[in-house]
Amino acid sequence: MEKTETGRAVRRTLAERYDPQDNAFGFLRLALALGVLIAHAWPLGLARPSFGASLTSGQSDLGTLSVQGFFVISGFLVAGSALRLSAGRFAWHRALRILPGLWVCLAVTALLIAPAVHLIERGDLTGFWTHPEGPLRYLAVNWLGAMDQYPISGLLADTPFGRMMGGPSAFDGSLWSLRYEFACYLLIGLLAATAVLHRAARFVLVLTIGTYLLILNDLLTVADWTDRPPTRGAISLPLLGSFTTDWTLYLTFLFLLGVCARRYAQRLPIAGRYAAAAGIVVLVSMWFGGFFAIGLPAFAYLVLYVAVAAPRVLRRIGRRRDYSYGIYIYAFPVQQVVALLGGASEGLLIYVVLSVIGTLVFAIPSWHLVEGPALRGRNWLVARSRNDAEERHRSAVPDLRTPTQLRPIADDAPRPLSR
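The model shown is predicted, which means the values in this text are computed figures rather than measured ones. (Residues numbered from 1 in each chain as written. Predicted model: local features only at pLDDT ≥ 70, side-chain atom pairs only at ≥ 80, totals over all residues. Heavy atoms only, no water.)

K.L.:
Can you walk me through the overall build of the protein chain in this structure?
P.N.:
For the protein chain, the count of helices and strands is 16 helices and four strands. In the protein chain, which comprises 419 residues, the proportion classed as buried is 53%. The contacts in the protein chain between residues at least 6 apart in sequence include a share of 74% that link residues at least 24 apart. Carbon together with sulfur atoms contributes 65% to the accessible area of the protein chain, which is approximately 18,700 Å² in total. (Helix = DSSP H or I, 4+ residues; strand = E, 2+ residues; numbered from the N terminus. Buried < 20%, exposed > 50% of the residue type's maximum accessible area, 1.4 Å probe, protein only. Contact = heavy atoms within 4.5 Å. Areas by Shrake-Rupley, 256 points an atom, 1.4 Å probe, with all protein chains shown as cover.)

K.L.:
What should I look at first to understand the pairing of strand β4 (residues 241-244) in this one?
P.N.:
On a regular strand, one side chain projects to one face of the sheet and the next to the other, so that they alternate. Judged from the four bridges that link them, strand β3 (residues 234-237) and β4 form a sheet pairing that is antiparallel. Paired with L237 across the strands is G241, a residue of β4. Taking the residues that link successive antiparallel strands as the turn, the β3-β4 hairpin has three residues, and the phi of L239 there is positive, at about 70°. (Pairing = 2+ DSSP bridges.)

K.L.:
Quick question: what am I supposed to make of the environment of P297 here?
P.N.:
Structurally, the position occupied by P297 is in helix α12 (residues 291-309). Distance in space between the C-alpha atoms of P297 and Y212 is 9.4 Å, their sequence separation being 85 residues. In contact with P297, other than residues within four places in its own chain, are Y212, F253 and L257.

K.L.:
How should I be thinking about helix α4 (residues 87-122) in this particular structure?
P.N.:
Because the α-helix completes a turn every 3.6 residues, residues three or four places apart line up on one side. In this model, α4 (36 residues) spans 50 Å end to end at C-alpha, consistent with the 52 Å of a helix rising 1.5 Å per residue. Along its length, α4 shows its largest kink, about 35°, at T109. One or two steps after α4, the chain reaches G123, where phi turns positive at roughly 85°. (Expected span 1.5 Å × (residues − 1). Bend = angle between axes of the 7 residues up to and from the residue.)

K.L.:
What is the right way to look at the packing of aromatic side chains in this model?
P.N.:
What characterises a pair of aromatic rings is the spacing of the ring centres plus the angle enclosed by the ring planes. This model, assessed by the stated rule, comprises 15 aromatic pairs. Arranged with centres 4.8 Å apart and planes meeting at 55°, the rings of W176 and W247 form a pair that is tilted. Of this pair, W176 sits in the loop between α6 (160-165) and α7 (178-193) while W247 sits in helix α10 (residues 245-263); the two residues are 71 residues apart in sequence, bridging distant segments of the chain. Under the relative-accessibility criterion, W247 is labelled partly exposed at 23%. Pairwise contacts between aromatic rings join W176, Y180, F243 and W247 into one cluster. Residue placement shows R262 over the ring face of F76; its charged tip is 5.0 Å from the ring centre. Lying across the ring of Y274, R273 places its NZ or CZ 4.7 Å from the centre. (Phe/Tyr/Trp six-rings, centres within 6.5 Å; stacked < 30°, edge-to-face > 60°. Lys NZ or Arg CZ within 6 Å of the ring centre and 35° of its normal.)

K.L.:
Whenever I open this one, the layout of surface pockets confuses me. Can you help?
P.N.:
Take a probe with the size of a water molecule and roll it over the atoms, and the empty space left behind shows itself. Its volume calculated, the largest pocket comes out at about 580 Å³. Of all the secondary structure elements, the ones that give two or more residues to the lining of the largest pocket are α2 (25-46), α3 (62-84), α6 and α14 (324-340). At five residues, α2 tops the list of elements feeding residues into the lining of the largest pocket. Tallied by class, the residues present in the lining of the largest pocket amount to 17 nonpolar, seven polar and three charged. Space inside the second largest pocket adds up to approximately 360 Å³. As for the second largest pocket, its lining consists of 16 residues, of which L257, C260, A261, L268 and Y301 are closest to the centre. Taken together, the elements giving at least two residues each to the lining of the second largest pocket come down to α9 (201-221), α10 and α12. It is α12 that provides the largest number of residues to the lining of the second largest pocket, a total of five residues. (1 Å grid on protein atoms, 1.4 Å probe; cavity = no way out; pocket = protein on both sides within 12 Å on 5 of 7 lines; lining within 4 Å. Points joined across faces, edges and corners; volume = space filled by probe spheres on them. Nonpolar A, V, L, I, M, F, W, Y, C, P; charged D, E, K, R; others polar.)

K.L.:
Please clarify how empty space enclosed by the protein should be interpreted in this entry.
P.N.:
Taken as a whole, this structure holds three cavities of 30 Å³ or more when the rule is applied. Approximately 370 Å³ is the volume found for the largest cavity. For the largest cavity, the lining is made up of 20 residues, of which R29, F70, I98, E181 and Y185 are closest to its centre. When residues of the lining of the largest cavity are traced back to their parent elements, those giving at least two are α3, α4, α7 and α14. No other element matches α3, which puts seven residues into the lining of the largest cavity. Of the residues assigned to the lining of the largest cavity, the class counts are 11 nonpolar, three polar and six charged.

Here it is in structure tokens:
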């Protein structure tokens, strides 16, 4: 921490500016979730490419950028949990944060929304339950977010998105990113369990640089810098489903950027002039090309800057109630139903408003009845012990909090649900 000529302390690094109890990560998550909803309004309501695609020469769009922002935030916050918790407790916390909400969403979609859509489209439920891609199979193959089945019983073919796709369309296309999130959890869990995250942070940095070199190689192989990254097939993991190589590389890179930011927070400068420079890099690369290689790291810096430098009023958002996950997982099916009922015919703005209202009808109860209660059970199966504190002391990991903030804090959960 430096001082000005007047003797006033000026916080320069991420470690100095980050307060686990006073940050804008809750606001950012909510904004990014709404960004995905708004971006999907074009393809789901109007059968057009997502907002932003034409402005960036097809390099990115609002929905893609929002998902990428989620992975930067996730890397930073989840790294804090992995540094603080034992491997068992870390896995338990991650499961409780994602799976209960996902399971209820899948059940609501398959057993409530899909039957209603079948009644709207066909007048009865004949063939709904016995369809080869029926609701029960939808639940069975997707319970860990693999999303090996997106349509249900051949429905949603006559929505704008269904017509654009040329047949039955997805009920919840947004869930595609969860398997990548789970894979990143497995990666950081492995790094923590082997003490690499605690004692060999340079390996994490080398891993991040290695992924970035692969990204730079992609930039050299594309025909034009305004092209998206090349696709090179897919890999499959048991239970988690299929992963495309390009999405795996880029989302893992953004996640690792968040992890490195957390691990090297004492050395990462955070200042308005750097954020302004990062913003210029993002805009220039979006306009002239090379965004996926040049603009993404700058975008990650902007996300972290906003998290610690946003006005206090924004830092209060999401502190007690985090509706972002519910909005993310419920928006797509709600938007499909609103489009099916003709909500998009009244114009884009009305469609978005109806979609937001309908999504909140599910997202708010999801937090209060499912996600929040699940998080309060983080110590049900894994007893609290001294091992976490001892491991943290042995690892000599620098703490990002000031002495007055050294009570236990769960960075990855709203504050009232802290340990």
